[in-house]
Amino acid sequence: MFNTVLHTTRDDRMESEQELMRIGVSLPDNLLTRFDGILSKRGYSSRSEGIRDAIRSYIRYYEWASEVEGDRLGVISLTYNHEQHGLIDALADIQHQHLDVIQSSMHFHADAKTCLEVITLHGDAANLKKVAEDLMALKGVQHLKLTTISPIK
Ligand code: NI
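Heads up: these notes are all about the structure in this document. The structure presented is a predicted model; accordingly, all values stated were derived computationally and were not measured.

Comments concerning the environment of serine 105
Thought 1: For serine 105, the location among the structural elements is in strand E3 (residues 102–109).
Thought 2: Note: C-alpha distance between serine 105 and valine 75 (30 residues apart in sequence) is 9.4 Å.
Thought 3: Once residues lying within four places of it in the same chain are set aside, the contact partners of serine 105 are Gln95, Glu117, Val118 and Ile119.

So this is what it looks like as structure tokens:
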């Protein structure tokens, strides 16, 4: 079975008949600007609608992640800014701490600052997710995605 991150669907309106709660959220200006840019490109009628979809997508991702279990093959792809102080050493340290599940890695210099790294793994899903979470927590890591599949017996 192939597992990948589920994408948000705009027609998921299960909550639509429920009472709407109003919340206040503080966000950095540049984060909101980028979010609004995406909403505008995707044709959202309101920021609230976009935030609801983003929250649904976030919940789905974590529900998906918690369903991944047992023996899995995995690929982690991540991009990072290699000029971030200490990041390259920290990335190497984490990978050396998980030799039991990491099979190989490939490094691609994407532009002057950005590196793309692809790591292949095999082991218990919990350990694969631990590697992904440890890497994701590092300052300077921009995007990270873990995809897993069941090995063919
Ligand atoms: Ni590089």
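Next comes the rest of the description.
Some words on the side chain of glutamate 117
Thought 1: Note on placement: glutamate 117 falls in strand E4 (residues 114–124).
Thought 2: It is lysine 130 that comes nearest to the buried, bridge-free glutamate 117 among opposite-charge side chains, at 17 Å.
Thought 3: At 3.0 Å, the side chain of glutamate 117 and the side chain of histidine 107 are in polar contact.
Thought 4: Those residues in contact with glutamate 117 that sit more than four places away from it in its chain are Ile76, Ser77, Leu78, Tyr80, Gln95, Ser105, Met106 and His107.

Here's the deal with the pattern of salt bridges
Thought 1: According to the stated counting rule, one finds 4 salt bridges in the structure shown.
Thought 2: The salt bridge partner of glutamate 83 is lysine 113, with a shortest N-O separation of 4.0 Å. Taken as a pair, glutamate 83 in the loop between strand E2 (71–81) and helix H3 (87–97) and lysine 113 in the loop between E3 and E4 lie far apart in primary sequence, 30 residues in all.
Thought 3: Exposure remark for lysine 113: the relative accessible area of 45% places this residue in the partly exposed category.
Thought 4: Residues aspartate 134 and lysine 130 are paired through a salt bridge, measuring 2.8 Å at the closest nitrogen-oxygen approach.

Re a negative patch on the surface
Thought 1: Taken together, the side chains of Glu63, Glu67, Glu69 and Asp124 make up a negatively charged region of the molecular surface.
Thought 2: Tracing the chain through its elements places glutamate 69 in the loop between helix H2 (47–67) and E2.

Some remarks on the nonpolar core
Thought 1: Judged by nonpolar contacts, the single largest core of 19 residues is most densely connected at Ile76, Leu78, Leu91, Leu121, Leu135 and Val141.
Thought 2: Contributions of two or more residues to this core are made by E2, H3, E4, helix H4 (125–136) and strand E5 (141–149).
Thought 3: Here this core takes 4 residues from H4, the largest share from any one element.
Thought 4: Excluding anything up to four places from it in sequence, leucine 135 contacts Ile76, Leu91, Ile94, Ile119, Val141 and Leu144.

Quick notes on the rules
Residues numbered from 1 in each chain as written. Predicted model: local features only at pLDDT ≥ 70, side-chain atom pairs only at ≥ 80, totals over all residues. Heavy atoms only, no water. Helix = DSSP H or I, 4+ residues; strand = E, 2+ residues; numbered from the N terminus. Contact = heavy atoms within 4.5 Å. Buried < 20%, exposed > 50% of the residue type's maximum accessible area, 1.4 Å probe, protein only. Lys, Arg positive; Asp, Glu negative; His and termini not counted. Salt bridge = Lys/Arg side-chain N within 4 Å of Asp/Glu carboxyl O. Polar contact = N/O pair within 3.5 Å; in protein donor to acceptor, adjacent residues only side chain to side chain. Patch = residues over 30% accessible without salt bridge, like charges linked within 9 Å, V, L, I, M, F, W, Y side chains within 5 Å. Areas by Shrake-Rupley, 256 points an atom, 1.4 Å probe, with all protein chains shown as cover. Charge placed at Lys NZ, Arg CZ, Asp CG, Glu CD. Core = buried A, V, L, I, M, F, W, Y, C linked by side-chain atoms within 4.5 Å.

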